[in-house]
Every structure is written in C-alpha cells, then in structure tokens.
Amino acid sequence: MVNKSISEINDRIKDGSVSVVTAEEMVGIVAELGAEGAAKEVDIVTTGTFGAMCSSGVFLNFGHSEPPIKMQKIWLNDVEAYTGVAAVDAYIGATQVSETLGMEYGGAHVIEDLIRGNAIDVHAISPGTDCYPRKILDTTIDINDLNQAIMLNPRNAYQKYNAATNSTSQKLYTYMGSLMPNFGNVTYSGAGVLSPLSNDPEYRTIGTGTRIFLGGAQGYIVGQGTQHSSKSGFGTLMVQGDLKEMDTEFIRASTFTGYGVSLYVGMGIPIPVLDEKVALATAVSDADIITKVIDYGIPSRDRPVVRQVTYEELRSGSIDIKGREVVTSSLSSFKRSRQIAGLLKDWIAHGEFFLSQPAEKLPSDTVSRPMKQTRGTPMVKDIMSKNVITIHKNASVYEAAKKVMDASFNHLPVVTENNTLVGIVTAWDISKAVAQNTFDLVENIMTKKVITAMDSEQVTIAARRLEQHRVSAMPVVDEQNHVIGIITSDDISMLFARRN
Amino acid sequence: MKIRIIIDQDIVTRPILAEAILETGIPLNIAQAHFDSAAGEIIADIKDTEYRMIKNALVSRGAEVLKLDTPINWDEEECVECGACISVCPTKVFSMDMEWNLKVDNTKCIQCGTCIEMCPHDALSLDV
Ligand code: SF4
Ligand code: SF4
C-alpha cells in the first residue's frame, strides 16, 4: 500500500527529489511497474489540454475616472462587456462579437490583444447619478492600466467531448468546424490521454483550490464548472488566473466560420499520485477513452449517435462510418497539450510550482438537465395554410398565370396526378416565361429543387431553412412527398410578431 | 503544374477535353472534376512545358484555363497545429507527423479555399 500526502510531495519538490512524469509517459510506467510500483516511483502526473473553450472570459477593473462614472454599458474595441457588477468592473466574455466587425473580432480577440499589450479602445455610457455624475467615457488603455484582469472561465476542460459529423447533403458550419456533406469528415476535440479530468475521473485529487497551469500562468480551480455532468462522464471545471501573467502561446482567439468566436485555452493540472488508485487512473490511454460521434445534420438537442469511438481511433486519422473510411480532424491541438504537460512537469521538477490541497472535492453525482420550457414551441402544422393551391406539371404557363391571379398567391407547388411534389413555380417564373414568350408547360419552367418543410417540424427549424435558401415560401410535405400545405415567411413573421 | 479548366453552360455538352487531348497529344491528368447543368470545372495536372499548347487548344474551343500556381499560404505564427484543416482539404495538403507537427504540402493545393473557412485561427489564406 502506497499512501502519500500532498505536503510530503511538496517537500520533495522543495528538495528537488520529486519524481514527475506526464500523463502520456505514465501509461507505459504503469504497464511496466503495475499500479503499486508506479505509485511508489511517481509522485506527480502532469496533464494538459489546449482547445476551444467558449465559456471563458475576464473580469476587468478600470479604476475610477474623473469625474467618476458608474458604467451601465461598456464596449472594448466595439465588443460589449457586461458591467452589471459595480461602477468600473466589467466582464468580457469570449464569445461576444464586435458590433462593427461581427464574427471576425470578438471578446476572445480583446482578451488576446490585452495579453499582447495592445491598446484597447474603451467606450462606456451611464445615466449619471449624484455620486457618479459622468455619462460618457472614451479612453484607450492597455493591460497595464487595469487594476485587475482576472480570467474566470465558467466552464472549461470538458472531460471529453462528442465528435461531430454530418449526414445531410449540405455543408454545415458549426462550433465543431466545417462539417462536410454526406459524412465527409469527422471533427473532435479533447486531449485524450493528456486530458486533465480523464486522468482523475473520480476527482480524488482535483477540487476547489487546486493550483493549475492556466494560459501560461499559475491559476486555480474555483470548483465545478457550469453544466458539470460528472455522472455521465462529462465533468467540467470553473477556473481562474491572472491574465496579466498569461502568454498568447496558451491563450488564443479563434473564429469558427458561420458560428462565431471562441477562445483557445491552455490548461494543465498536476495530479498527485497519492496511492495505487490514483496511479491506475492516470494510466488511462487514448484507447480507454470512449466518446460518441454525433450527427450534427439533425437540428435537435438530441442528435443521433452515429457510433461510439475511442480517442485512439479518432487520432488515427480516419474512422469507419457505415463501411466508409472518413477522415478525422482535431480542433484542439495535441502538440500544444503535450507542451503544457511538459512545461508543468518542468516547473515542478525545478521547484517553481507546488501542489495545493483542494479545500473541497468536485461533486461526482451531478447530471446536466435540459432546459425547462414553459411555452410550447409551435410546429409547422400549427401555422401552415392547408388550402394550398397546386398545379399539375403538364399544365400550361397560361393556366399557372391564371391560378396565381385568382388565388393572389405567389407560389404554386407543382405536382403529379397523385399530388406528389415535383417542383415549384413562382409568379416571377411565370412573368419571366410570359415576357420571353415561352408559353410552355409548367414542367419546363418550374424550379425542380424545392426546399420543403415537414408538418411535424418546429417552426424555428423551418424558418432557418427558409432564411438559408433565401426563399419566401416552402411547400409542406408528408413522408411520401405529398403536398399537404404551404408555409410562408409572412406566416412565420406573424407568429413571431404575436409572441413579442 | 496544376490548372483549372472552366467550361461554361453553352458548351458543356461538347467533348472539348477529348478534342484538346487529341489535337495536342498531351495527356491531361485529371485530379478533380465537377459538372452540373450550369457549368463544368476540372482540375488537371500537366507538365509546365505543355501549358501553352493545352491552353491554346482549350481556349480556342471556348473554355477558360487558369494556372493554379499560387497555393495556400500558411502562417505558422497564427497556426496552433490543431489539425482542423486536415479533414476538409480535398487533396490532402495537410497532415500530422509523428510528433503532431502540422505538415503542409502545398504543391497539391488546388486553391479551392475550403481550408480557409475551416481554420479557427486565420492561419490560412490565398492570394487573390
Ligand atoms: S485551398 Fe483547397 S486544396 Fe488548397 S490546401 Fe486549402 S483545402 Fe486544400
Ligand atoms: S486549422 Fe489552422 S490552426 Fe489548425 S492546424 Fe490547420 S492551419 Fe493550423
């Protein structure tokens, strides 16, 4: 039985006799010496991860202006920060986007610019009070002008993360990157063998007050992160550290095309090998960590699982999906994760980093529940119009023109004898045909690729499709592609106008 | 070298490629081809010395021919070596070596731009 204490290990750091290895190295050591032998041999295992962690941000204190202001709203390089916390405190969230540049520049970029020492334009407004009379403030600062710049990330270091793929025939732009059509690729995130929480999944050594590597500086674990779902193996951490000591090697802004801004955060957690059990847990390898490949083609909270997969398979460069080899891409950097685990190891070996005893353990039995929604979400069938006017594909353009006139409706779904949808004609198509004197069959002037909706679909999902394809109406079809209604952008805006 | 051949709608049904190959005797090594009802686009590999001849043969038949000689730029400072670009590139320009360093073989690049959208760190660009 091995039984070490944190203070014993710290004594070894002090006298230089500490034995520290990275979580990658530990796999082989446990395989060779067994858990007990490894626990005797190794005092600390270092972990590391470097990936997109959206739920990140920084508390800033600007000091008081003359005359003083109680900021009600504040923008840093045109990115809004939250200042509903005291007069000159603000929280800049990583994912907030610039009001002028949009997704190109966001909170994460402000954070990176602060670390780089770049100048930041500050604009703040206030209603003005007797004690804080100032109403508008404009100034330019850099990180040295701030009293504090404390990174406080509500949810970082996911134990592991679902991998993503796309079954649809359209390319998707997501926070998991571009997902190519027809299972064209798989993207994943997480450091696997080096992942901090995967190396201590029962939180036997990690807890509130654990000193960690954060963004190149020493930081701390505040406690469980938001959405901490330890019961299902998706634990998270809330962490804090001093931005003024951080390094852009390990904190980087990023933009996911079509999705938005995120912050790449580098984090490393030292795991004290207190006993065999800890040693065994840190022997976890990529092959032991299982996650799911999720189909992001389905726009729902409960996206279907395509298959289970290990990090070893993901890291191999391709995995099998439905008999086909699909290329995988990591979004987090394994090289930099490794660098972090290595750096933390060096700090410890050189007596520059000491372990802390956690004040509190992380909860190990939480689940993350879905949102409680008190308003029913409307379905397409609730707002579609059922008396849809259709036209037969062999009808003439003249007949179509007449129908459009009579019904004063802009869109005619084109159908076969048994009401199966084969196309759509608009008033515009008809006028164009008339103008060009092509008094043809409807079939020859219709658009064949019709964007449709299903009656059992949520209106928000249908509305997004309408918007993406820049059409103003969609026929509603059943499973057999029979036309059962039509939904227009007017129906949708009327619905949303009512709700506001 | 790589070239992009664009064939417009009005001539897309004619056997332009075959005629050009027959006329010049130059084999076109087709790397990618994409046709739909609107237009056709072909990426082909040819010898540098053959460029002029094949271009003339194709252009005289109404096609457009572009040299793909300015491949993707990789900004190593911005790159964090995540590997996100690897799975979206149609010609496998990107790969990881044993030490998880990103390797970029831009001689394979066909300048499609797909990787630029994918890169979260703005590390990839094409000269326009
Ligand atoms: S531009 Fe296209 S071909 Fe070139 S590297 Fe990027 S994805 Fe690959
Ligand atoms: S996606 Fe961008 S940052 Fe990631 S490896 Fe490729 S070039 Fe580098």
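Residues numbered from 1 in each chain as written. Chains lettered and ligands numbered in written order. Predicted model: local features only at pLDDT ≥ 70, side-chain atom pairs only at ≥ 80, totals over all residues. Heavy atoms only, no water.

### Section: the domain arrangement of chain B
Residues and elements named next belong to chain B.
Okay, so step 1: Per the domain assignment, the segments making up chain B are domain 1 (2–67) and domain 2 (73–125).
Okay, so step 2: Taking the mean C-alpha position of each, domain 1 and domain 2 sit 28 Å from one another.
Okay, so step 3: On the side of domain 2, eight residues touch domain 1, which itself brings five residues to the contact.
Okay, so step 4: Of the roughly 400 Å² buried where domain 1 meets domain 2, counting both sides, 52% is carbon and sulfur surface.
Okay, so step 5: In this structure, the connection of domain 1 to domain 2 is made through zero salt bridges.
Okay, so step 6: Put simply, domain 1 and domain 2 have two residue pairs in polar contact (both at pLDDT 80 or more) between them.
Okay, so step 7: For the side of domain 1 that touches domain 2, the per-class residue count stands at one nonpolar, one polar and three charged. (Domains from an automatic or database assignment. Contact = heavy atoms within 4.5 Å. Buried area = accessible area lost by both parts, 1.4 Å probe. Salt bridge = Lys/Arg side-chain N within 4 Å of Asp/Glu carboxyl O. Polar contact = N/O pair within 3.5 Å; in protein donor to acceptor, adjacent residues only side chain to side chain. Nonpolar A, V, L, I, M, F, W, Y, C, P; charged D, E, K, R; others polar.)

### Description of the nonpolar core
Okay, so step 1: Membership of the largest hydrophobic core comes to 50 residues, with the highest contact counts inside it found for Phe-62, Leu-76, Leu-237 and Leu-243 of chain A.
Okay, so step 2: Examining the composition of this core, we find that five residues originate from one element, helix H3 (residues 107–115) of chain A, more than from any other.
Okay, so step 3: Split by domain, the residues of this core number at least three in each of domain 1 (6–53 + 152–361) and domain 2 (63–98 + 107–146) of chain A.
Okay, so step 4: Those residues in contact with Leu-76 of chain A that sit more than four places away from it in its chain are Leu-60, Phe-62, Ala-81, Ile-92, Val-110, Ile-120, Asp-121 and Val-122 of chain A.
Okay, so step 5: Leu-344 and Phe-353 of chain A together with Ile-72 and Ala-123 of chain B belong to the second-largest nonpolar core, a separate cluster that totals 45 residues. (Core = buried A, V, L, I, M, F, W, Y, C linked by side-chain atoms within 4.5 Å. Buried < 20%, exposed > 50% of the residue type's maximum accessible area, 1.4 Å probe, protein only. Helix = DSSP H or I, 4+ residues; strand = E, 2+ residues; numbered from the N terminus.)

### What about the site of ligand 2?
Residues and elements named next belong to chain B.
Okay, so step 1: Around ligand 2, a shell composed of Cys-79, Val-80, Glu-81, Cys-82, Gly-83, Ala-84, Cys-85, Leu-102, Cys-119, Pro-120, His-121 and Leu-124 is seen.
Okay, so step 2: Here ligand 2 occupies the second largest cavity.
Okay, so step 3: Partitioning the shell around ligand 2 into residue classes produces nine nonpolar, two polar and one charged. (Near = heavy atom within 4 Å. 1 Å grid on protein atoms, 1.4 Å probe; cavity = no way out; pocket = protein on both sides within 12 Å on 5 of 7 lines; lining within 4 Å. Sits in = over half its atoms within 2 Å of the grid points.)

### Regarding the pattern of salt bridges
Okay, so step 1: All chains considered together, the criterion is met by 24 salt bridges over all chains.
Okay, so step 2: When the shortest N-O distance is used, the salt bridge between Glu-117 of chain B and Lys-171 of chain A registers 2.8 Å. In this pair, Glu-117 of chain B is assigned in helix H3 (residues 114–118) and Lys-171 of chain A in the loop between strand S13 (163–165) and strand S14 (172–174), connecting two distinct chains.
Okay, so step 3: Note on Glu-117 of chain B: relative accessible area 28%, which makes it partly exposed.
Okay, so step 4: Given the relative accessible area of 24%, Lys-171 of chain A is considered partly exposed.
Okay, so step 5: Across the salt bridge formed by Arg-61 of chain B and Glu-23 of chain B, the nearest N and O atoms sit 2.9 Å from each other. On the criterion of sequence distance, the pair formed by Arg-61 of chain B in the loop between helix H2 (51–59) and strand S4 (64–67) and Glu-23 of chain B in helix H1 (residues 16–24) is long-range, its members being 38 residues apart.

### A few points about the interface of chain B and chain A
Okay, so step 1: Taken together, the contact between chain B and chain A spans 21 residues of the former and 30 residues of the latter.
Okay, so step 2: Counting each side, the surface lost to burial between chain B and chain A is near 1,900 Å², with a carbon and sulfur contribution of 48%.
Okay, so step 3: Per-residue buried area on chain B facing chain A is highest for Ser-87, Trp-100 and Glu-117 of chain B; these three make up 32% of the total on that side.
Okay, so step 4: Remark: the boundary between chain B and chain A carries three salt bridges.
Okay, so step 5: Remark: the boundary between chain B and chain A carries 17 residue pairs in polar contact (both at pLDDT 80 or more).
Okay, so step 6: Class assignment of the residues belonging to the side of chain B that touches chain A gives a composition of eleven nonpolar, five polar and five charged.

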